[in-house]
Every structure is written in structure tokens, then in C-alpha cells.
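As a plain string of letters, each chain reads:
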Amino acid sequence: MNSLAKSRLVQGHDEAGNGLVWDEALIRRYDLSGPRYTSYPTAVEFTPDFTTADLLAAAERSRVQGGPLSLYTHLPFCARLCYYCACNKEVTRKRDKAMPYVERLLKEATAQARLFGAERQVRQLHWGGGTPTFLPTAAMRELMAGYRDLFNLQSDDARDFSVEIDPREVDDQTLATLWDLGFNRISLGVQDLNLKVQKAVNRIQPLNMTRAVLDEARYLGFRSINLDLIYGLPFQTPESFAETLEQVIEMSPDRLSVFSYAHLPERFFPQTRIRAEDLPSPADKLTILHNTINRLLAAGYEYIGMDHFAKPDDSLAVAQRHGELHRNFQGYTTHSDCDLVSLGVSAIGQTDDAYFQNTSVLADWEQAIDDGRLAVVRGVQLTDDDRIRRWVIGQLICHFRLDRQQFEQTWGRAFDAYFADELRQLAGMENDGLVADDGHALQVQPQGRLLIRAICQLFDHYRKDGAGQRFSRII
Ligand SMILES: C[S@@+](CC[C@H](N)C(=O)[O-])C[C@H]1O[C@@H](n2cnc3c(N)ncnc32)[C@H](O)[C@@H]1O
Ligand code: SF4
């Protein structure tokens, strides 16, 4: 094995003293594929059997239980199409589509506030897309003013109100308006700074444009500023991506998401505009990832897990150190105790024992709202087993550790008896050095951290055989 194939990337920063080890043989064997576990069961288990009546019952249980809320809004419009895009979006130049959409959102919000409880504090609020900043500022104001009337939005500094920003869709009013409306966190879509790559994916976004938005956001007081990057895009090389990364590090965002591009043109129509022969080879893609991790760790970022990095003083890294990190549809989060009320086309909501999703077809969502119906079309009611496994997967994916005593205190069951099958299967991973078991806790080892999806999959009732074929592969 050459020196690049197995290298210690960093000495640990967490209590367990774990770092991250790049072991190429293991990475190739286990791959990094599998669900991203932003929910458990994952969205492929959602079924149309989950009806409006089920949602009403779940919302009522949530309301009776009380507690704070997270409020997600899906804003699907984009002015231009990025060819790699796998998000639920509607490409249009017609800005006048924004206001009718906002009006329908407020109608939906009125119903949902009544169902879930208008008095509950909204601690976390997120606008995702599509492109939230497609909305003219008047539409943004209208939407937030409506939410303030309908919900109990937290106003102190502990609130976590975030928005996804496409820097190409920002004018001189946008950020100041968002700040004024109470947003305090932003995430900027960047993907790659190389012009040839940008041309190939139809997203021309000069460095200066990104930097100007980031600087203004910082000046206004936004914190936990995140940048999204994607590796595996056409014409990327290890050298070109290294240049992008240097420019990104120089801008010093608080967090970075580094996503893997999976070319699935049969599933995502825009990707038919990307030629497979222009993509980096699997070996180059792996080198890009390896170099990226090395460089970010050297630059002082911590590896949170999956695709996420954060500065040590960012709330995400702090929450991980304190054992308070959680995972939901917005990825890693510091707010777990919140049920999730979701508004807009394709939006997914969550309570303690249910997930439910609106239709992904814009015209159907509009029709449902106009008819005064809820737009839910699928979901899943969690069994006790689902809730137990969700907890286990959450512990592993957020903290790389699973404590038997904590499990038994939380669930009143003996871990070894409940997971006898899984523990037998885990033996292979233990032999490979991915996981260690000292009898008290399972601890994901430095060479297992990048393979966390494969480890979690062992505890996934729905893909016990590692059936990750419906999920993107990384190499
Ligand atoms: C809704 S977009 C972010 C906001 C805004 N629309 C933008 O593009 O700037 C969410 C993020 O998903 C990521 N993404 C979209 N399609 C992807 C794909 N096929 N593979 C990996 N990441 C993808 C991109 O990094 C993108 O920034
Ligand atoms: S990446 Fe963002 S801007 Fe581009 S098409 Fe997708 S949602 Fe729209």
C-alpha cells in the first residue's frame, strides 16, 4: 500500500481522541454509498398509504406533546438551470410567480399552525430551494410577516433562522432584507470556482460575486456562514479543485458542505446536458476527495461527518463536542427537540413518530391548497423499532459512538439482545478496523468515519443486506 493510500489525516479533536484515517482499500471495499440518513426510515420507505387522516393524527399528538418547532419552507423557483441539479425546482424567468406562491404558502401555514399549535415557539426556521432569493424582497417580507402572525417565532439570539442563497440571485437589498426579517444564518451555493467547470454545468458565478455576498453577510452579522461545493463535476481535476479550494479557504467560511456529484441522468433530467466522458474518473474523484479532506483539516476545519466541515468554534463543531448534534432533513443540526412543520411543494415534515411529504408536483400542490386540502401525498408512521433504530443511527452518524448504557436507559431494552444479528454482522467491520467494541460502547474508528453510511446501514431494518443500489455511489 503506498503512502497516499493509507494516511493519518489528523489527530483527533473529539473526546474519544479519534481522528480521520484515509484507508483507500477499505474505501474501495465498502464504498461510501448508502442513504444519507437525514431521516430514518429514509424517504424511499414513505408510502401513499400515509393519508391526510394520518397526518392530522400525528399533528394532534405533536400538539398535545408540545415543545418547540422547526419551520421549513420550500421555495422551488430558479431563474436558471444548473445541469447537475438534483433538487426539486421549477426553472422560470417569471418573477410574478413568486407572490401567488407566497399567498398559497400562507394559506398552508394557517392550516398547519392550527394543527400543530400556533403558540409553540419556532426555534429553527429554514428557507430552502430551489432558490429562496428568487423571491423579490416584497414577497420575502410578505411571507415572513405572515409567519409572524401565524406562529410564535423566537426572537432572541438563540434562534436559528437560515436561508439558502444563490449569489447570482442577490441584489443590493437582498441580504439586508433577510437580516431585517430575522435570518441569522446563511448558506451560499458555490459548487466550483473554475470557469470551464462552471460553463459545463451552466452556472457562471465569478469568485468576486461570491466573495462580495459573503463579505456583506459577515458585515451584517450573519453567523455560521456555509458554502456548498460539489466534487465530481465535468472537467474537474485534482489540480483545478485544489485551486477552487484555496480560494474558498481564503474566504474563510464557518462551514463547508462538500457534496459528491452522482451522474444519474435517467433520474434527473437536467443531467442529460452533462456528458459522461467529461466527468473525472473514479480515481480522480477519489483523489479530489482525499486532497480536499487533507487540505480542510490542515486549514483548521473539523470533520463533522458525511459531507460537512466546520471551524472548531462554529456551533456545529461545538454541539458535536458536547454530544448535542442531531441530524434531520436539513442535515446536521443543533436543534433536535423540534418537530418539523414543512410548507411548500415537496416539503417533508416530521414528528416523533411520523414523516409526511407534500406532493412534488407544483400544479398538484397549488390545486390542493386552492381546494383547501392538505397537500400530503406520502409518509410513514414509525413503529417502536423504527424509533429505536433512528436513535441508534443518529448516535453513530452524529457522534461516531453508541453507548450501551445510554441505549438501555433511553429504550429500556438490552442492546445486545435487541441487536444480536447486527452485532454478528458488525464483526466483519470490527475485523477491518472500522468499529471497535469494548463491551460498553461501539466506537467508530478513524478509518471508519468516512464509511459511516455503511456502518449505519447495518442497523437499517429496510436494507439489512446493504442494499444501497438506490442510493448514490461516491466512486
Ligand atoms: C437548493 S441548492 C442551494 C441554493 C441555490 N439553489 C444555489 O444553487 O445556490 C442546494 C445544494 O444542493 C447541492 N446539489 C444540487 N444538486 C446536486 C447534485 N446532483 N449532487 C450533489 N450536490 C447537489 C448543491 O451544492 C446546492 O448548492
Ligand atoms: S443548484 Fe440551486 S440554482 Fe441551480 S438549479 Fe439547483 S436549486 Fe436551482
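What you are looking at is a predicted structure, and each value in this text was computed from that prediction instead of being measured.

*Asks:* What am I meant to see in the overall build of the protein chain here?
*Replies:* When helices and strands are counted, the protein chain shows 16 helices and 22 strands. The globule rule puts the C-alpha radius of gyration for 475 residues at 23 Å, and the 22 Å found for the protein chain is close to it. A total of 475 residues make up the protein chain; the buried ones form 56% of that total. Here the protein chain carries 53 positive and 65 negative side-chain charges, and the mean point of each set is 3 Å from the other.

*Asks:* Would you mind going over the side chain of Thr92 with me for this structure?
*Replies:* Inspection of the secondary structure puts Thr92 in the loop between strand S5 (90–91) and helix H3 (98–116). Judged by relative accessible area, which is 9%, Thr92 ranks as buried. Here Lys94 takes part through its backbone nitrogen, which lies 2.9 Å from a polar atom of the side chain of Thr92. Sequence-distant contacts of Thr92, that is, excluding residues within four places in its chain, are made with Phe77, Cys78, Ala79, Lys97 and Phe134.

*Asks:* I tried to follow helix H9 (residues 282–298) on my own but got confused; where do I start?
*Replies:* One turn of an α-helix holds 3.6 residues; hence residues three or four places apart share an orientation. Across its 17 residues, H9 extends 24 Å between first and last C-alpha, which sits within 8% of the 24 Å expected from 1.5 Å per residue. Within H9 the residues assigned to the buried category are Lys285, Leu286, Ile288, Leu289, His290, Thr292, Ile293, Leu296 and Leu297.

*Asks:* Help me understand the sheet that holds strand S20 (residues 401–403) in this model?
*Replies:* Strand pairing in a sheet takes place through backbone hydrogen bonds and is either antiparallel or parallel in direction. Ordered in space as S20-S22-S21, the three strands form an open sheet in which the pairing is antiparallel. Whereas interior strands pair on both sides, the edge strands pair on one side only; in this sheet they are S20 and strand S21 (435–437). The mean inter-strand angle of the sheet, taken between neighbouring strand axes irrespective of direction, is 10°. Two elements, S20 and strand S22 (residues 441–444), share three bridges in a ladder whose sense is antiparallel. Of the residues in S22, the one forming a bridge with Leu402 is Leu442. Across the sheet, helix H12 (residues 384–399) touches S20 and S22, and the angle it forms with S20 is around 135°. Its contacts with the sheet put helix H13 (residues 404–411) on S20, S21 and S22, and the angle it makes with S20 is roughly 60°.

*Asks:* Any chance you could explain the packing of helix H7 (residues 207–220) against helix H8 (residues 238–251) here in plain terms?
*Replies:* Helix-helix packing: each pair is described by the crossing angle between the helix axes and the interaxial distance. Packing of H7 against H8 leaves a shortest axis separation of 11 Å and a crossing angle of 20°. By the angle class used here, H7 and H8 are roughly parallel. In the crossing of H7 with H8, the sense of the turn from one axis to the other is right-handed. Across the interface between the two elements, Leu207, Thr210, Arg211, Leu214 and Arg218 from H7 touch Gln247, Glu250 and Met251 from H8.

*Asks:* Sorry, what's going on with the site of ligand 2 here?
*Replies:* Around ligand 2 sit Cys78, Arg80, Cys82, Tyr84, Cys85, Lys89, Gly130, Thr131, Asp166, Arg168 and Arg203, and those are all the residues in its vicinity. Its residues assigned to classes, the shell around ligand 2 shows four nonpolar, two polar and five charged.

*Asks:* Help me understand helix H4 (residues 137–150) in this model?
*Replies:* The terminal C-alpha atoms of H4, which comprises 14 residues, lie 20 Å apart, in line with the 20 Å expected from a rise of 1.5 Å per residue. The set of residues buried in H4 consists of Ala139, Met140, Leu143, Met144, Gly146 and Tyr147. Around the axis of H4, the buried residues are gathered within 155° of arc, so they sit on the same side.

*Asks:* So what exactly am I meant to see when it comes to the site of ligand 1 here?
*Replies:* What surrounds ligand 1 is a group of 19 residues, the closest being Tyr84, Gly130, Gln191, Arg203 and Asp228. Ala86 has a polar backbone atom sitting 3.1 Å from a nitrogen atom of ligand 1. The side chain of Asp228 places a nitrogen or oxygen atom 2.7 Å from an oxygen atom of ligand 1. Notes on ligand 1: free accessible area 560 Å², of which the protein chains cover 88%. Residues belonging to the shell around ligand 1 are distributed by class as follows: eight nonpolar, seven polar and four charged.

*Asks:* So what exactly am I meant to see when it comes to the nonpolar core here?
*Replies:* Membership of the largest hydrophobic core comes to 120 residues, with the highest contact counts inside it found for Leu125, Trp127, Tyr147 and Phe183. Ranked by residue count, the leading element in this core is H3, at eight residues. Beyond its immediate chain neighbours, meaning those up to four positions away, Leu125 contacts Leu71, Met144, Tyr147, Leu153, Asp160, Phe161, Ser162 and Phe183. Val197, Ile230, Tyr261 and Ile274 belong to the second largest nonpolar core, which has 11 residues in total.

*Asks:* How should I be thinking about the packing of helix H2 (residues 52–65) against H3 in this particular structure?
*Replies:* Taken N-terminus to C-terminus, the directions of H2 and H3 make an angle of 55°; their axes are 7 Å apart at the nearest point. Regarding the angle of H2 to H3, the classification is oblique. Only Arg114, Leu115 and Phe116 of H3 make contact with H2, whose side of the interface consists of Leu55, Leu56, Ala59, Ser62 and Arg63.

*Asks:* Teacher, can you tell me more about the pattern of salt bridges here?
*Replies:* Two side chains of opposite charge can pair, provided their charged atoms sit close to one another. Counted according to the given criterion, the structure contains 33 salt bridges. The closest approach of N and O atoms between Arg389 and Asp385, which form a salt bridge, is 2.9 Å. Taken together, the residues Arg389 and Asp385, both in helix H12 and four residues apart, mark about one turn of the helix. Assessed through its relative accessible area of 6%, Arg389 is described here as buried. A salt bridge links Asp403 to Arg401; the shortest N-O distance between them is 3.9 Å. A residue is classified by how much of its surface remains accessible, and Arg401, at 34% relative accessible area, is partly exposed. Ionic contacts of the salt-bridge type, sharing partners, join the residues Asp352, Asp384, Arg387 and Arg390 into one network.

Reading the values: rules and limits
- Residues numbered from 1 in each chain as written.
- Chains lettered and ligands numbered in written order.
- Predicted model: local features only at pLDDT ≥ 70, side-chain atom pairs only at ≥ 80, totals over all residues.
- Heavy atoms only, no water.
- Helix = DSSP H or I, 4+ residues; strand = E, 2+ residues; numbered from the N terminus.
- Rg over C-alpha atoms; globule rule 2.2 N^0.38 Å.
- Buried < 20%, exposed > 50% of the residue type's maximum accessible area, 1.4 Å probe, protein only.
- Lys, Arg positive; Asp, Glu negative; His and termini not counted.
- Charge placed at Lys NZ, Arg CZ, Asp CG, Glu CD.
- Polar contact = N/O pair within 3.5 Å; in protein donor to acceptor, adjacent residues only side chain to side chain.
- Contact = heavy atoms within 4.5 Å.
- Expected span 1.5 Å × (residues − 1).
- Pairing = 2+ DSSP bridges.
- Axes fitted to C-alpha atoms, helices over the stretch in contact; angles between N-to-C directions.
- Parallel < 35°, antiparallel > 145°, perpendicular 65-115°, else oblique.
- Left-handed = near helix turned anticlockwise from the far one by under 90°.
- Near = heavy atom within 4 Å.
- Nonpolar A, V, L, I, M, F, W, Y, C, P; charged D, E, K, R; others polar.
- Arc of directions from axis to C-beta.
- Areas by Shrake-Rupley, 256 points an atom, 1.4 Å probe, with all protein chains shown as cover.
- Core = buried A, V, L, I, M, F, W, Y, C linked by side-chain atoms within 4.5 Å.
- Salt bridge = Lys/Arg side-chain N within 4 Å of Asp/Glu carboxyl O.

Any link to function would need more than the numbers given here.
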